[in-house]
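# An overview of the molecular structure
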Amino acid sequence: MRLKRFLPNTIRGQITLIIIVALIVVTLVGRALEQWARDAAPDMEDIVTRVDTMAELLKASPPDTREAILSASRAAGWNFSLEPFSISESFTGPSEPEGALAMAIDVLFPADNLRPPVGGWRTFWNGERVIAAKVDDDTLLVLSGFPDTILNSAILNEGPYYSVAIVVLIAFFFIFAIRVITEPIKRISEAAMHADIANSSEIFEERGPVEIVALAHALNAMRSRIRVMVESRTRMLRGIGHDLRTPLTRLRLRADRMEEGPVRDGLLSDVMRIDGLLNEVLKYLRDDYATEPIQRADVASLLQTVCAEFSDVGFPVRFEGPNRMVIDCKPMAIMRAVTNLCDNSVKFATEVTVSLRNCKADCEIRVTDNGPGIPEHLRERVFEPFFKGDEARPHGDAREGKEDFGLGLSIVADIVHAHRGAISLSDNAPSGLIFQILIPTHGGNRTTSEAK
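All values derive from a computational prediction rather than experimental measurement.

### Here's the deal with helix α10 (residues 299-312)
For α10, with 14 residues, the first-to-last C-alpha span of 20 Å sits near the 20 Å given by 1.5 Å per residue. Within α10 the residues assigned to the buried category are Val 299, Ala 300, Leu 302, Leu 303, Val 306, Cys 307 and Phe 310. The buried residues of α10 occupy an angular sector of 165° when the element is viewed end-on, so they sit on one face. On the buried face of α10, the contacting elements are β5 (295-298), β6 (317-320), β7 (324-329), α11 (331-346), β8 (352-359) and β9 (362-369). One or two positions beyond α10, positive phi appears at Gly 314, with a value near 95°.

Written out as structure tokens, the structure reads:
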């Protein structure tokens, strides 16, 4: 926590700090690695320079003194020998992989203004690495017995710094990208996925660098504006719905005073249809499920109550599942969703079953019927408000003379999404539909289930 006080609060400042710290680390670590490399491996350019110097010395010396000079150099640890110049024709280079690596090194780290030795920087003779320099047209000075290495002064001087710079910058920026950019964006993305317009609290956490805080603040402000806009339009629609009831009542009274006939029956039918539509719209706009708090509730008891209410008025709705299952949910909203599903099923089916099952992280509710079903390509759209597909189940309730305005399933979908759950449709064998609802239980250890 104390370290955060000294960190810049902007992404630009933190990147600048990373570069400065990286330069310091590269300088210190690179210098240590350079010294270690010089102690651990010979400098080939230095060796070539000594071979050239020895060749010049032998060239200027009389032939009878050359052997004495070579003996003195061997005593000092330098394995020099004079060979005919013709042996240079038997010199070989490195293998193909080593040759490619040596070529890449020569390009990236060229030698410092040195003439390459006879046969090149990596020359082999009789299977041994050698360095050769021309003494005269007939004589060649050959040095052998040194470690086979590809290092030169350029690599020893620059290589450690390049290597440390690459590793340090990659490591620093990787950590920076995860902690400062990736994690906040992921947090904002997850909050946006589960955003609830009805909730007035700020869902995007405003912490981190200035740019991330500004983004979260802008998203919170946008969400507040959307919420205000939705609430104002909802209030307007509610007001219009209530205001239409007065002239609708007058129309019904005037129609009742008319003489019996097809005109009167048509007017009353239209008045009833408009009144039903207003009731459905106002019920849909009420959205009390959005503001209901999440609490611990026995969902099995809720479903049993819904089934009992339908059974009491003669509808064939039965419950299957455990006697008790306690989860975190919105109890009244769950009852409303299952009621709407059962109400939709009893219009078209003679058997309806509400089942409950504990699926570890989810609570599964199924409403199964034996009705005519819905084509697969319309199953996603049935949850849209006011959707009516010609190929879907017949609309209307012959028993009560009521028309379905396509809002019941939309309410179900909204309730499930308010629980961060999922709803799906599938076929029931041999006929009918299965409405499946998955409600998160917020951890298996928070769900209590007792078998029937």
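### Description of unusual backbone geometry
In this model, Ala 429 is joined to Pro 430 through a cis peptide bond whose omega is 0°. For Pro 430, the location among the structural elements is in the loop between β10 (422-427) and β11 (433-440). Backbone geometry places Arg 420, a non-glycine residue, at a positive phi of 60°. Relative to the helices and strands, Arg 420 resides in the loop between α12 (408-418) and β10. Since its relative accessible area comes to 52%, Arg 420 is described here as exposed.

### Let's talk about the sheet that holds β11
Taken in spatial order, the five strands make up an open sheet running β6-β8-β9-β11-β10, and their pairing is mixed. One side of each edge strand has no neighbouring strand; the edge strands of this open sheet are β6 and β10. Pairwise comparison of adjacent strand axes, ignoring direction, gives a mean angle of 20° for this sheet. The pairing of β6 with β8 spans four bridges and is parallel. Following the sheet pairing, Phe 319 is matched in β8 by Val 354. Most of the contacts of α10 go to β6, to which it runs at about 160°, and overall it touches β6, β8 and β9.

What counts and how
- Residues numbered from 1 in each chain as written.
- Predicted model: local features only at pLDDT ≥ 70, side-chain atom pairs only at ≥ 80, totals over all residues.
- Heavy atoms only, no water.
- Helix = DSSP H or I, 4+ residues; strand = E, 2+ residues; numbered from the N terminus.
- Expected span 1.5 Å × (residues − 1).
- Buried < 20%, exposed > 50% of the residue type's maximum accessible area, 1.4 Å probe, protein only.
- Arc of directions from axis to C-beta.
- Contact = heavy atoms within 4.5 Å.
- Pairing = 2+ DSSP bridges.
- Axes fitted to C-alpha atoms, helices over the stretch in contact; angles between N-to-C directions.

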